Every structure is written in structure tokens, then in C-alpha cells.
Amino acid sequence: MEEGKIDALCQEQEVFQQKSKHEAMLERLSNLHQSRLQQSASRKSGLEDSSPAFESTQSFLARFAEMKHSIEASLKQCREASDPDSKSSLKSHLERISLAIEDLQKLVAENSYFLPSYEVRSSLKAISDLKESLEVVNSEFLPRKKFSFRNKVQKKEITQDKDVELDPTQTPELLSFASAVIPIHDSPGFRNKENVVLEKDFRAAGGGDFTLSDLNACEIRLRGCLRALYVHRLKNCRVYVGPVFGSVLIEGVEDCLFMLASHQIRIHHANNTNFYLRVRSRPIIEDSSGVRFAPYNLIYDGVEKDLKDSGLEEETGSWANVDDFKWLRASQSPNWSVLPEEERVCTVKLN
Amino acid sequence: MVGLDNSGKTTIVLHINGEDTSVISPTLGFNIKTISYQRYTLNIWDIGGQKTIRSYWRNYFEQTDGLVWVVDSSDVRRLDDCKHELDNLLKEERLSGASLLVLANKQDIPGALKPADIAKVLNLDAIDKTRHWRIVGCCAYTGEGLLEGFDWLVQDIASRIYVLD
């Protein structure tokens, strides 16, 4: 305290001597401040193009709504334009809309760091809806040429499928790139079979990962615990599996029945298939239709212990909480439903 | 935090954050976690990997210091797909300065490919020389390998930022 007092006194004494110095310093400071202001102003204006000049959800939403509205109006205009002569102008018009949608997407991306996640999600949803309707208008008014890339890919897939059907003994699906780089041993699994019952018992040792791939009209029975299950391209099959401690990944199944217990289940490209599930988290579907869900109902000697060991002894009812990644709306997805009780199979017992 | 669906991204983030990993639904959208790690604060964006939402990955690229690419080492069938998506990501200009940590997850599953094999399939050696990258084997379920990976990532980013200062 004493020291402070002395300092203050000294300063007071020096005030007169320093007056001119003091003024000079103030001037310097004010100059500095001025130039800093200028700098930041020029920085701001330089950035204006690439980054948002506002950080409020409200102004974002207003701008988003405005851009969205103008895109929707343009789309509507395209849909109503029936003049066949204006095809070329329609094309450039659609391209402009596509660019506008991209701008809108950019706007969301640039602002996503401060937006509430709900706003980000709903904005992205709005954008994907816009893209969808643009796609519809595109395909309606400017049909694709016959030999587009998409057709090629489809064709290739069909011939592949045919090969499989013609020659069921052929080697499993080639891993075009991976196998060219390193020798990959096939993971345990059933592949390329038709009209057979396939059984495997893991009760003694427990299994690691297991693959079911390219099966047609087969019945598959896996008893005991697995770590992971991969399912790829099954048609008209019935699949009964013991608990999977980990996840199940399903891609490309048609007219099948699955009975599965697992911590996570992902279903892609499934059609007309019934799933009897016990699952700890929400099962998800993507690019699927006509899939129906019911609770797991499988019995074999020791299934209770296997379920317990895998942490799946409890029926949490999650089998009915399906997320459809292609239907991000509050209303029920048209792609899946709960299998009515009277249509469910009875308890399945594997002897 | 990106990678194909079913690779274990959310499990890894929750494990690092010391949260329960027994019930995790596939990520519809994204999760953000802020974690104190050593002297640093990490903002981890865990972004869903399902096909439908991969096109939205690029909405999250702004101001990314580190990229964690998670691979399901037992999903041999989709390694091509995995390589393709990673290649696309590395072309992204906004990520050009980001350090890349590849986590070869699910090493606990018998038959899973080893990190060295994953590196070969993903052709990591061919990555642009300016990119800092590293591959680490891990198991999201037990947590093995996660610290080693994140230690490297955080140190690498930190050293880069201090050099810039």
C-alpha cells in the first residue's frame, strides 16, 4: 500500500514533465486504434464472400427460407412449363437450380458451427427434399440417355448374378482391389449355395465373425455365440442365428426370414423380408421396402446361456423401434411395419 | 470422425469419453463431444456412416485439424468401398491440412486384418507427402489402441499449431 501511494505521488509530480509525452502517446494509441479498426473492417469485407457475416440462427433461417423459396418457385415453374421447344432452356434452367441448391447446402455448412443441431438436421433434410424433387423434374423432362453409366453398372451386376447361378462351385466373390494387394483368406462363412440346409455349431468354442453370402433357397442354422455377422445377397432363405456379441450387417436380401439377436443390426437393400430380432439398440434400414419386424423367438439347447453371455438376455422391445435412413420424417415409414402377430412363425426350435 | 457404417466410430468416441458403450444405435446424423485430453480440449464430431448420409460429410469439413478414419478390420468385403470413400475425402481441399489417424478397429475379432494389411489395401503409402498420417490397430470395445492413436493425433496437431504460431 505504501509503495502504491509513493508511486501515485511520483506520478503526480511527473505529470507536468510528462504532459507532452503523454499527449504524444495518446495520439500514437489513437492512431493505432484507428488503423486496427480499418484493418479489421477490410478483413471483414474480404471475408464476406466466403463466410457468413452474421451469427444468429434467426437471420440464417430467414436467408435459408428465402433461398429455399426461390428454388421451389423455379422448380414449380419448370414443372409447369409444357412447351416442348424450350427444352434447351429448360436444361440450363435446371442446371441453375442445381447450383442454387448447392449454394444453399454451402450456406448450411458455413453456418453449421453455431446452429443448433436440430436446425442443421432440418435444413439438410429440406435440401435433400429439394434435390429429390429436382431429380424428379430432371427425369421427367430430360430422360437419361439409354447407355448411361447407371445402366452399365446394373447390367454388370445382372451378369454377375447369372454367373453365380450357372456355376455355384465357382470361387467366392473376388475382392477386386483388396485381394490384388494382399492375400486375403476368406473369413469363415457359407457362400454360393443353393437349396441346402447349412448348419454350424459354435457352442463349444464360440465363433468370431461369420459371413453368409450369395445363397439361394437355403436354410441356415447357426447355434452358439458369434462376434460379428455379415450377410450379403441372399434370396429366399431362412436364417436362424444364435446371439451375436457385436453387430450384424445385412446387404441385399430378398424374400427371406431372419431370426437374429445382436447389439446392433443394420439392414440395407432388403425387400419383402421378415426380421425376428432381439437387439439392444435401434435396428436401422436403408434402401429397403416391404420389411417387417417381430421379436426373436429361437430355441436350441443352451440358448438362454448364450443370450446371457452376450448381454442379450433382456427383451427391451427395441426390435420395433426401427430407424429408416431413407425416411427422415416423423410419420411412419412406408418401407417397414410390425409383422402382425397372426402372421408370425411359432417358436423355432433347432434340435 | 468418419468411416463406413458399422466401423465403430460412436463406440470409440464414447469409450474415450468414459461413457457406457453397451447400447449404441447406428448414428442418424452426428454427435458432438467436447473432451479434455491432456492439456487440450478436443471437439470431436462423430458423423454417421450410412450411405444415405455420407454425402453430408462435406458439411462438416470446415476448420478440421484432425481426421480419424475408422475401419472395420473384419469387413473384408467392403474394403474397396472403404478405400474409395477415404480417397474421396483426402481430395477435399478443406481437409488438406488435417492430420489423418486411421484406426483399424475390431482387432479383437479373430480373423480381422492387421493394421499393416489395412494400410496396404488403403494404399496409405501413396498419400500425398505433405499429409501427416498414421495407422493404429484398436478395439473400441476394450479401448485397446485408442489412447495410442489419439496421443499421436493430438501431439501431431499441437506441433503443427505451435509451428504456425
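Where an unreviewed UniProt entry is consulted, chain B appears under the name ADP-ribosylation factor-like protein 2, with the organism given as Aristolochia fimbriata.

As named in an unreviewed UniProt entry, chain A is C-CAP/cofactor C-like domain-containing protein, taken from Aristolochia fimbriata. Note on chain A: under the UniProt heading Subcellular location (unreviewed entry), the record states "Cytoplasm". In its Sequence similarities (unreviewed entry) section, UniProt records this for chain A: "Belongs to the TBCC family."

Caption draft 1: Region of the structure containing the overall build of chain B. Regarding its fold elements, chain B presents 5 helices and 6 strands. Looking at the 165 residues of chain B, the share that counts as buried comes to 56%. Counted over contacts in chain B with a minimum sequence separation of 6, partners at least 24 positions apart contribute 68%. As presented, chain B carries roughly 7,200 Å² of accessible surface, and 50% of it is formed by carbon and sulfur atoms.

Caption draft 2: Molecular detail of helix H4 (residues 117-141) of chain A. Here H4 of chain A is 25 residues long and its end C-alpha atoms lie 36 Å apart, about the 36 Å a rise of 1.5 Å per residue gives. Here H4 of chain A has its buried residues at Glu119, Val120, Ser123, Leu124, Lys125, Ala126, Ile127, Leu130, Leu134 and Val137 of chain A.

Caption draft 3: Seen up close, the pattern of salt bridges. Taken as a whole, this structure holds 26 salt bridges over all chains when the rule is applied. A salt bridge links arginine 227 of chain A to aspartate 108 of chain B, with the nearest nitrogen and oxygen atoms 2.4 Å apart. Note that arginine 227 of chain A is positioned in the loop between strand S4 (219-223) and strand S5 (228-235) and aspartate 108 of chain B in the loop between strand S5 (99-105) and helix H4 (115-121), a pairing that runs across two chains. On the basis of relative accessible area, arginine 227 of chain A is assigned to the partly exposed category, the value being 23%. Between aspartate 5 of chain B and arginine 78 of chain B there is a salt bridge, with the nearest N and O atoms lying 3.0 Å from each other.

Caption draft 4: Structural detail: the sheet that holds strand S1 (residues 2-3) of chain B. Residues and elements named next belong to chain B. Spatially, S1-S4-S5-S6 is the arrangement adopted by the 4 strands of the open sheet, whose pairing is parallel. Two strands close off the open sheet at either side, each with one partner strand: S1 and strand S6 (133-137). Bridge analysis of S1 against strand S4 (residues 66-72) gives 2 bridges, and the strand direction is parallel. Within S4, the residue paired with glycine 3 across the bridge is valine 70. Packed onto the sheet, helix H3 (residues 79-91) meets S1, S4 and S5 and runs at close to 170 degrees relative to S4.

Caption draft 5: Structural detail: the pairing of S4 of chain A. Residue and element names in this part refer to chain A. Along S4, 4 of the 5 residues are buried, which leaves the element largely enclosed by surrounding structure. The pairing of S4 with strand S6 (residues 238-254) spans 4 bridges and is parallel. Directly across from glutamate 219, in S6, lies its bridge partner arginine 238.

Caption draft 6: Quick look at the packing of helix H2 (residues 57-80) of chain A against H4 of chain A. All names here are of chain A. With their axes 11 Å apart at the nearest point, H2 and H4 run at an angle of 10 degrees to one another. The orientation of H2 relative to H4 falls into the category roughly parallel. Counted together, Thr57, Phe60, Leu61, Phe64, Lys68, Ile71, Glu72, Leu75, Cys78 and Arg79 of H2 and Glu119, Ser123, Ala126, Ile127, Leu130, Ser133, Leu134, Val137 and Phe141 of H4 form the full contact between these two elements. Here the residues of the contact of H2 with H4 are counted per class, giving 12 nonpolar, 3 polar and 4 charged.

Caption draft 7: The arrangement of a nonpolar patch on the surface in detail. Together, Met25, Leu26, Leu29 and Leu32 of chain A line one region of the surface with nonpolar side chains, adding up to about 360 Å² of accessible area. Mapping leucine 32 of chain A onto the fold places it in helix H1 (residues 2-47).

Caption draft 8: Fine view of the interface of chain B and chain A. The partner chain A presents 39 residues to the 38 residues of chain B that form the contact. Buried surface at the junction of chain B and chain A, summed over both partners, amounts to about 3,700 Å²; 58% is from carbon and sulfur atoms. Applying the counting criterion to the chain B and chain A interface returns 2 salt bridges. The tally of links from chain B across to chain A stands at 15 residue pairs in polar contact (both at pLDDT 80 or more). Listing elements by their share of the side of chain B that touches chain A, those giving two or more residues are helix H2 (51-54), H3 and H4 of chain B. Its residues assigned to classes, the side of chain B that touches chain A shows 16 nonpolar, 8 polar and 14 charged.

Caption draft 9: Spotlight on H2 of chain A. With 24 residues, H2 of chain A should reach 34 Å at 1.5 Å per residue; the first-to-last C-alpha distance of 34 Å fits that figure. Every buried residue of H2 of chain A is accounted for by Phe60, Phe64, Ile71, Ser74, Leu75 and Cys78 of chain A.

Caption draft 10: The confidence of the model for chain A, seen in detail. Of the residues in chain A, 77% have a pLDDT of 70 or more, and the chain-wide mean is 81. Residue range residues 12-16 of chain A is modelled with pLDDT below 50. Its contacts to residues more than four positions away, or to other chains, number 0 contacts.

Caption draft 11: Just the nonpolar core, in detail. In terms of nonpolar packing, the biggest core is built from 56 residues, with Trp69 and Leu122 of chain B touching the most fellow members. Sorting the residues of this core by element identifies H2, helix H3 (87-111) and H4 of chain A together with S4, H3, S5 and H4 of chain B as the ones contributing at least two each. Ignoring anything within four residues of it in the chain, the contact list for leucine 122 of chain B reads Trp69, Val71, Leu79, Cys82, Lys83, Leu86 and Val102 of chain B. Core analysis: the second largest hydrophobic core is formed by 35 residues, Leu215, Cys237, Val244 and Val253 of chain A among them.

Caption draft 12: Summary view of the packing of aromatic side chains. According to the stated counting rule, one finds 12 aromatic pairs over all chains in the structure shown. Seen from their ring centres, phenylalanine 245 of chain A and tyrosine 141 of chain B are 5.1 Å apart, and the 80 degrees between their planes marks the pair as edge-to-face. Here phenylalanine 245 of chain A, found in strand S6, pairs with tyrosine 141 of chain B, found in the loop between S6 and helix H5 (146-164), and the two come from separate chains. The class of tyrosine 141 of chain B is partly exposed, set by a relative accessible area of 49%. Geometrically, the ring pair formed by phenylalanine 30 of chain B and tryptophan 45 of chain B is stacked, given 5.7 Å between the ring centres and 25 degrees between the ring planes. With phenylalanine 30 of chain B in strand S2 (residues 30-37) and tryptophan 45 of chain B in strand S3 (residues 40-47), this residue pair connects regions lying 15 residues apart in the sequence. Classification of phenylalanine 30 of chain B as buried rests on a relative accessible area of 11%. With a relative accessible area of 26%, tryptophan 45 of chain B lands in the partly exposed category. Members of the aromatic cluster, joined through ring pairs, are Phe258, Phe275, Phe293 and Trp336 of chain A. Its guanidinium or amino end placed over the ring of tryptophan 327 of chain A, arginine 329 of chain A lies 4.5 Å from that ring's centre, counting from NZ or CZ.

Rules and cut-offs
- Residues numbered from 1 in each chain as written.
- Chains lettered and ligands numbered in written order.
- Predicted model: local features only at pLDDT ≥ 70, side-chain atom pairs only at ≥ 80, totals over all residues.
- Heavy atoms only, no water.
- UniProt positions renumbered as here; feature names shortened; annotations may be inferred.
- Helix = DSSP H or I, 4+ residues; strand = E, 2+ residues; numbered from the N terminus.
- Buried < 20%, exposed > 50% of the residue type's maximum accessible area, 1.4 Å probe, protein only.
- Contact = heavy atoms within 4.5 Å.
- Areas by Shrake-Rupley, 256 points an atom, 1.4 Å probe, with all protein chains shown as cover.
- Expected span 1.5 Å × (residues − 1).
- Salt bridge = Lys/Arg side-chain N within 4 Å of Asp/Glu carboxyl O.
- Pairing = 2+ DSSP bridges.
- Axes fitted to C-alpha atoms, helices over the stretch in contact; angles between N-to-C directions.
- Parallel < 35°, antiparallel > 145°, perpendicular 65-115°, else oblique.
- Nonpolar A, V, L, I, M, F, W, Y, C, P; charged D, E, K, R; others polar.
- Patch = residues over 30% accessible without salt bridge, like charges linked within 9 Å, V, L, I, M, F, W, Y side chains within 5 Å.
- Buried area = accessible area lost by both parts, 1.4 Å probe.
- Polar contact = N/O pair within 3.5 Å; in protein donor to acceptor, adjacent residues only side chain to side chain.
- pLDDT = per-residue confidence, 0-100.
- Core = buried A, V, L, I, M, F, W, Y, C linked by side-chain atoms within 4.5 Å.
- Phe/Tyr/Trp six-rings, centres within 6.5 Å; stacked < 30°, edge-to-face > 60°.
- Lys NZ or Arg CZ within 6 Å of the ring centre and 35° of its normal.

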